[in-house]
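Structural description and commentary
In case you want the letters, here they are:
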Amino acid sequence: MIFIDNQSRDGAYNHALEEYLIKNLKRELFMIWQNDNTVLLGRNQNPYKEVNWDYMKETQAKLVRRPSGGGCIYTDKNIVQYTIITKKEEDSLRKFTEPVVNYLNEKGVKAEFTGRNDIIVDGRKISGNAQYKDRELMIHHGSIIYQDSSIDIGKLLTPAKLKLAKKSLTSVKSRITSLKSMMNMDIAMFIEELKNYIKNYYHINENYVLSADELEKVEEIRKNKYANDEWTYGRYGKFDKVHSFMNDACVMDIYLKEKNNVIEDIRIDGDYFGEKAKEDLENIFVGVKLEKDDLERALSGIDMSEYIEGITKDELAENILKTKSGD
């Protein structure tokens, strides 16, 4: 495994760098980085439901859609991000949060990995994590809340009421906490200590420096994808109906446009994880009759877990029909 020193604070560039590295360098690696004043939207989420746009303009925060699933988060100079690119592993969310949890425990902070993708301290979240996979490798990236931001995160982020109710919360702010009060160091020292701990954990002794040509290719990905409005905002045309639901794995919104009981367009949004692009899943429903047997036939040739983890084909079909009926 190698280490890459990434000093960029541009969220769009940082995710472009990850994409370049996993697709082109194809080596196991670790890097630690930060963003400036950025809302990171999950791969499958609707930005118009997740963010308070008036407050976002007031704070001049940028919006970047990351390539991994999960929920919307806020990041800035008070938040620490890290990336691990490695071979695909079972129970990998737990496995690749382990060095962070171990480091905090050694510093006297009683941290633990819990739920789907969180590290918590005293019942409150200090780190969220997400992943996505390429053919041979996977990216694990995490966000660690080290100190409080001047921005009111509870006002900025507007997660679905279903999601808050599921966690018995009144706001996103009531769910999270920061580490600084528990540790006798500033954020620069924390980053340095955590970086060295993880490098030792994985026995990393090689630093890789990208060439000018490689950096130019990263910038092309940033410009053409992560800083591109089409990727960031997605397509939100006129849909006839919308239906929201949740299960143990995620909160989901289904947007439906139909004519003569046939699907003309569909969006399946949510904070879910999935290895394959949701657009490919959505496309298989176009032209399909809104009948249970037809929906199930459309899904018969796919592995549901590759698109949406934690939901069955029957469950998805049933909720598409509920969208049609307006339930």
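Predicted model only: the values in this text are computed from it and were never measured.

Across its full length, the chain holds 13 helices and 13 strands. For 327 residues, the compact-globule estimate of 2.2 N^0.38 gives 20 Å, and the chain sits close to it at 20 Å. Counting only C-alpha atoms and orienting by the principal axes, one finds that the chain spans roughly 65 × 45 × 40 Å. When burial is assessed residue by residue, the chain has 52% of its 327 residues classed as buried. When contacts within the chain are restricted to residue pairs at least 6 apart in sequence, those whose partners lie at least 24 apart make up 69%. Split by element, the accessible area of the chain, about 15400 Å² in all, is 44% carbon and sulfur. The centroid of the 50 positive side-chain charges in the chain is displaced by 2 Å from the centroid of its 56 negative side-chain charges.

Note on placement: S127 falls in strand β9 (residues 124-133). Since its relative accessible area comes to 1%, S127 is described here as buried. In this structure the side chain of S127 is engaged in a polar contact, spanning 3.3 Å, whose partner is the side chain of N129. Engagement of the side chain of S127 in a polar contact is seen with the backbone oxygen of S143, the distance being 3.0 Å. Excluding its chain neighbours within four sequence positions, the residues that come into contact with S127 are N117, D118, I119, S143 and I144.

This paragraph deals with unusual backbone geometry. With a phi angle near 50 degrees, D122 is a residue other than glycine that sits in the positive phi range. With respect to the helices, strands and loops of the structure, D122 is situated in the loop between β8 (118-121) and β9. Although it is not a glycine, N261 sits at a positive phi angle of roughly 65 degrees.

A few words on the packing of helix α4 (residues 92-106) against helix α7 (residues 187-201). Axis angle and axis distance: for two packed helices, these are the angle between their axes and the distance between the axes, and together they describe the pair. Between α4 and α7, whose axes approach to 10 Å, the crossing angle comes to 120 degrees. Our classification of the angle between α4 and α7 gives oblique. Seen from above, α4 lies across α7 with right-handed handedness. Residues E98, P99, V100, N102, Y103, L104 and E106 of α4 lie in contact with α7, whose contacting residues are F190, E193, L194, Y197, I198 and Y201.

Our focus in this paragraph is the environment of F245. The residue F245 is located in strand β11 (residues 241-246) in this model. Residue classification places F245 among the buried positions, given a relative accessible area of 8%. Measuring from C-alpha to C-alpha, the distance between F245 and K322 comes to 9.9 Å, with 77 residues separating the pair along the chain.

Okay, the nonpolar core next. L104, I144, L179, M183 and F190 are the most contacted members of the largest nonpolar core, which has 30 residues in total. Secondary structure elements with two or more residues in this core: β2 (29-33), β6 (79-87), α4, β8, β10 (137-145) and α7. Here the element with the most residues in this core is α7; it accounts for 6 residues. The contact partners of F190, leaving out residues within four places of it in the chain, are V80, Y103, L104, I144, Y146, L179, M183 and M185.

Within the secondary structure layout, N247 lies in the loop between β11 and β12 (251-259). A distance of 2.8 Å separates a polar atom in the side chain of N247 from the backbone nitrogen of A249. There is a polar contact of 3.3 Å between the side chain of N247 and the side chain of E315.

This part takes up the pairing of β11. In the sheet, β11 pairs with β12 via 6 bridges, with the strands oriented antiparallel. Bridging from a neighbouring strand, S244 pairs with D253 of β12. The turn joining β11 and β12, which pair antiparallel and follow one another in sequence, is formed by 4 residues.

The next subject is the packing of aromatic side chains. Any two aromatic rings considered together are summarised by their centre-to-centre distance and by the angle between their planes. A complete count under the given rule lists 10 aromatic pairs for this structure. Judged by centre distance (4.9 Å) and plane angle (80 degrees), the rings of Y201 and Y202 are edge-to-face. Given the relative accessible area of 18%, Y202 is considered buried. In this arrangement the basic side chain of K199 is found over the ring face of F3, its NZ or CZ atom lying 4.6 Å from the centre.

Conventions used here
- Residues numbered from 1 in each chain as written.
- Predicted model: local features only at pLDDT ≥ 70, side-chain atom pairs only at ≥ 80, totals over all residues.
- Heavy atoms only, no water.
- Helix = DSSP H or I, 4+ residues; strand = E, 2+ residues; numbered from the N terminus.
- Rg over C-alpha atoms; globule rule 2.2 N^0.38 Å.
- Buried < 20%, exposed > 50% of the residue type's maximum accessible area, 1.4 Å probe, protein only.
- Contact = heavy atoms within 4.5 Å.
- Areas by Shrake-Rupley, 256 points an atom, 1.4 Å probe, with all protein chains shown as cover.
- Lys, Arg positive; Asp, Glu negative; His and termini not counted.
- Charge placed at Lys NZ, Arg CZ, Asp CG, Glu CD.
- Polar contact = N/O pair within 3.5 Å; in protein donor to acceptor, adjacent residues only side chain to side chain.
- Axes fitted to C-alpha atoms, helices over the stretch in contact; angles between N-to-C directions.
- Parallel < 35°, antiparallel > 145°, perpendicular 65-115°, else oblique.
- Left-handed = near helix turned anticlockwise from the far one by under 90°.
- Core = buried A, V, L, I, M, F, W, Y, C linked by side-chain atoms within 4.5 Å.
- Pairing = 2+ DSSP bridges.
- Phe/Tyr/Trp six-rings, centres within 6.5 Å; stacked < 30°, edge-to-face > 60°.
- Lys NZ or Arg CZ within 6 Å of the ring centre and 35° of its normal.

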